[in-house]
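Breakdown of the fold
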Amino acid sequence: MEETKNTNENPVERKPKNFIYEIIDEDNKNDKWGGRVHTRFPPEPNGYLHIGHAKSICLNYGIARDYNGKFNLRFDDTNPEKEEQEYVDSIVEDVKWLGGDFGDRVFYASDYFEQMYQWAVELIKKGKAYVCDLNAEEIRASRGTLTEQGKESAYRNRSVEENLDLLERMRKGEFENGAKTLRAKIDMASPNFNMRDPIMYRIVHADHHRQGKDWCIYPTYDWAHGNEDSIEGITHSICTLEFQNHRPLYDWFLDSLGVYHPQQIEFARLNLSYTVMSKRKLLQLVKENFVDGWDDPRMPTISGYRRRGYTAESIRNFAEIIGVAKRDALTDISLLEFAVRDDLNKNAQRAMAVLKPIKVVLTNYEGEENLEAVNNPENPNAGMRLVPFSKELYIEENDFMENPPKGFHRLIPGGEVRLRYAYIIKCEEVIKDDDGNVVELRCTYDKETKSGTGTSTKKVKGVIHWVSAKDAVDAEVRLYDRLFVVENPGTEEDWLSKINPQSLEIISNAKIEPFIRNAKQQDKFQFERMGYFCVDTKYTTPGKLVFNRTVTLKDSWKK
RNA sequence: AGCCGGGUCGUCUAAUGGCAGGACAACGCCCUUUGGAGGCGUCUGUGUAGGUUCGAAUCCUGCCCCGGCUGCCA
């Protein structure tokens, strides 16, 4: 996202990325906004941002960047009962991390409350709004149904003076929660429910995380949102499909006020297979401890992916890959995994780590030596490192099979395999405990086969990783799997029962080559043949390294 | 049932009256001291029935299917 080059290129000449770019190109051609492009990302601070928000951030920020426009971060904080400063802080951090550059343009809907109030007064004066005494249940009952029109409120035709007086007293706190509302006077017969005299203000005696006790009436989304966009001079107000039915109301408020009127455009929200995306459900996973907080590496939150080892770059690329359209979609999680593998493959330092160790003793090897290993075959500039080698090693438990299936070309009794960057070894003896478990392999090495010397013509099919037993660093490794066992858990009645009981496996005795000792939080590695891993930010301590598996390597070996 | 929106490979997305293309996934081959990466290749699609047209994914009509809407949430 940070590239700003090619900004001289005329956007109209460029192939539009999606239907929203087409709209903007058209607007610019017609000089609709005087060439301005100004977008915004308007989260409510009632939870942490998830990957669906990332799509929206990339879209909105990307548009501003591509058209040399502006991008606002705006907190839509109109509901004091659900919003908290903790969420504000996390959102700021996540948007920045993703690369959504809002500069100093952080805004709060709550800062516009006075302006919105004045506009409400204007609407009353124009005869387009009224104070209604009906309670929630009465309003619901009078709204009608899908096929029947609603009934007009008995309070609909109060005088302007009475409405003005009542609204002022609502603001002063003279009435209980829910006792009165301010409603737009539109059309109780409209086939669109949103136009059946929607509520503009409700009475909520609650402390607001920023405004404290200043207000006890709060604007509803429909009343507030267009006002916010108008005040900020937004040109294209991009939101998700479920707001399509609200667009006539968005337009009605702004037209009735006669103020600056941005254009609302809707696109399909992201749904990802094997995950839930609703904030309500994510909140429940956190509150009821199904996961270890909002940034649990199994969560589809931005902070969860970050902690898991996803890069901002890979999430941006993912957003680019999936595109933007208006049809509902369930995006396969493999697209996201591809994006992160693609990035990490090019950039992650390689290391050898044995997750489930089994001891190998080289009966004909004495002494020790340091062997050269490539840090990143995709990047020659990453250089080389030295890996200690000695008589006693660990290899991966499942790189040895006593009774291998056809096509298995790793270590078997009497068979040979190459140790990556080292020698070819032969398994001479299998040592078992009383229960018949393999506990040690006695092997011989062929000193003519040292890696890189070209002194051997011997060829083996298999190459396995290893670590020197006395040099290895112990670490905890956390292996994650998808959080749900069904493709679309969000649509399941009993979605909590679809949680994958094996979504986390903790390995406490992994053995890693010694340079890993200096790894810092969030450092990313490819453990060769095992996958991509990063140092966990929550459980790593000075004395103990904890790694999260970001994603596996693609493994084409099938049993 | 009323209104609004939407239906293109298994998945996501292009083609805006003129060769249905790309990516992911899958599969095969080549290469490989990561069963990774890379290279090459294969497979698979316009919901349906009509109409307009030299020509339709695209325009028109009917039907079918999917999503959203009856919060003082956003």
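What counts and what doesn't
- Residues numbered from 1 in each chain as written.
- Chains lettered and ligands numbered in written order.
- Predicted model: local features only at pLDDT ≥ 70, side-chain atom pairs only at ≥ 80, totals over all residues.
- Heavy atoms only, no water.
- Pairing = 2+ DSSP bridges.
- Helix = DSSP H or I, 4+ residues; strand = E, 2+ residues; numbered from the N terminus.
- Contact = heavy atoms within 4.5 Å.
- Axes fitted to C-alpha atoms, helices over the stretch in contact; angles between N-to-C directions.
- Parallel < 35°, antiparallel > 145°, perpendicular 65-115°, else oblique.
- Left-handed = near helix turned anticlockwise from the far one by under 90°.
- Core = buried A, V, L, I, M, F, W, Y, C linked by side-chain atoms within 4.5 Å.
- Buried < 20%, exposed > 50% of the residue type's maximum accessible area, 1.4 Å probe, protein only.
- Near = heavy atom within 4 Å.
- Polar contact = N/O pair within 3.5 Å; in protein donor to acceptor, adjacent residues only side chain to side chain.
- Nonpolar A, V, L, I, M, F, W, Y, C, P; charged D, E, K, R; others polar.
- Phe/Tyr/Trp six-rings, centres within 6.5 Å; stacked < 30°, edge-to-face > 60°.
- Domains from an automatic or database assignment.
- Buried area = accessible area lost by both parts, 1.4 Å probe.
- Salt bridge = Lys/Arg side-chain N within 4 Å of Asp/Glu carboxyl O.

Strand order in this open sheet of seven strands is β19-β16-β17-β18-β12-β15-β20, and the pairing throughout is mixed. The open sheet has two free edges, formed respectively by β19 (463-464) and β20 (466-468), since each of these has just one partner strand. Note that strand β16 (residues 416-419) and strand β17 (residues 424-432) share three bridges and pair antiparallel. Counterpart to valine 417 in the pairing with β17 is isoleucine 425.

Before going further, it helps to examine the sheet that holds strand β22 (residues 504-512). Across the sheet, seven strands lie side by side as β10-β23-β24-β25-β21-β22-β11; this open sheet has mixed pairing. Taken across any chain shown, the strands that pair with only one partner, and hence form the sheet edges, are β10 (349-351) and β11 (353-354). Sheet topology places strand β24 (residues 531-535) next to strand β25 (residues 545-551); four bridges connect them, and they run antiparallel. Considered in β25, the bridge of phenylalanine 533 is made with arginine 549. Taken strand by strand, helix α12 (residues 333-347) contacts β10, β23 (524-527), β24 and β25, and its axis lies near 125° from that of β25.

Where helix α4 (residues 113-125) meets helix α6 (residues 160-172), the axes come as close as 9 Å, and the angle between the chain directions of the two elements is 160°. Here α4 lies roughly antiparallel to α6, going by the angle between them. Judged by the twist between their axes, the crossing of α4 over α6 is right-handed. From α4, Glu114, Tyr117, Ala120, Val121, Ile124 and Lys125 reach across to α6, where they touch Val160, Asn163, Leu164, Leu167, Glu168 and Arg171.

On to the nonpolar core, then. Ile51, Ile57, Phe71, Leu73, Val95, Leu272 and Tyr305 are the most contacted members of the largest nonpolar core, which totals 36 residues. With six residues, helix α2 (residues 51-66) is the largest single contributor of residues to this core. Those residues in contact with valine 95 that lie beyond four places of it in its chain are Phe41, Leu49, Ile57, Phe71, Leu73, Gly100 and Phe102. Counting 32 residues, the second-largest nonpolar core is a separate cluster that includes Leu123, Leu167, Met170 and Phe175.

Once that is clear, we can look at the protein's contact with RNA strand B. In the vicinity of RNA strand B, 66 residues are found, and the nearest of them are Glu22, Arg350, His409, Ser451 and Gln526. A share of 60% is what sugar and phosphate atoms reach among the atoms of RNA strand B within 4 Å of the protein. Interatomic distance of 3.3 Å between a side-chain N/O atom of arginine 327 and a base oxygen of RNA strand B. Contacts to RNA strand B include asparagine 345, whose side-chain N or O atom sits 3.2 Å from a sugar or linking oxygen. Among the elements of the structure, α5 (136-142), β6 (199-203) and α12 are those that each provide at least two residues to the surface near RNA strand B. The element best represented in the surface near RNA strand B is α12, accounting for four residues. The residue inventory of the surface near RNA strand B, partitioned by class, reads 23 nonpolar, 20 polar and 23 charged.

Another point: the pairing of strand β14 (residues 384-390). With five of its seven residues buried, β14 lies for the most part within the structure. Inspection of the sheet shows strand β13 (residues 368-374) paired to β14 by seven bridges, in the antiparallel sense. Bridge pairing links asparagine 370 to proline 388 in β14.

With that settled, consider the packing of aromatic side chains. This structure, assessed with the given rule, holds 27 aromatic pairs. Ring geometry for tyrosine 117 and tryptophan 215: centres 6.1 Å apart, planes at 55°, overall tilted. With a gap of 98 residues between them, tyrosine 117 in helix α4 and tryptophan 215 in the loop between β6 and β7 (217-219) connect regions that are remote in the sequence. On the basis of relative accessibility, which here comes to 7%, the residue tyrosine 117 falls in the buried class. A residue is classified by how much of its surface remains accessible, and tryptophan 215, at 7% relative accessible area, is buried. The interplanar angle of 90° and the centroid separation of 5.2 Å between the aromatic rings of phenylalanine 389 and tryptophan 466 together place this pair among those described as edge-to-face.

A word on the domain arrangement of chain A. The domain architecture assigned to chain A consists of domain 1 (12-109 + 222-334), domain 2 (113-218), domain 3 (353-465) and domain 4 (473-551). Once you take the C-alpha centre of each, domain 1 and domain 4 turn out to be 29 Å apart. With 22 residues of domain 1 at the interface, the matching set in domain 4 holds 26 residues. Here domain 1 packs against domain 4, burying approximately 2,200 Å² in sum over the two surfaces, 60% of which is carbon and sulfur. Broken down residue by residue, the surface that domain 1 buries against domain 4 is led by Tyr274, Arg298 and Arg307, which jointly contribute 36%. At the junction of domain 1 and domain 4, the tally comes to two salt bridges. Residue aspartate 292 is joined to lysine 538 by a salt bridge in which the shortest nitrogen-to-oxygen separation is 3.2 Å. Viewed at the interface, domain 4 and domain 1 are joined by eight residue pairs in polar contact (both at pLDDT 80 or more). When residues of the side of domain 1 that touches domain 4 are traced back to their parent elements, those giving at least two are α9 (279-287) and α10 (302-308). Grouping the constituent residues of the side of domain 1 that touches domain 4 by class yields ten nonpolar, five polar and seven charged.

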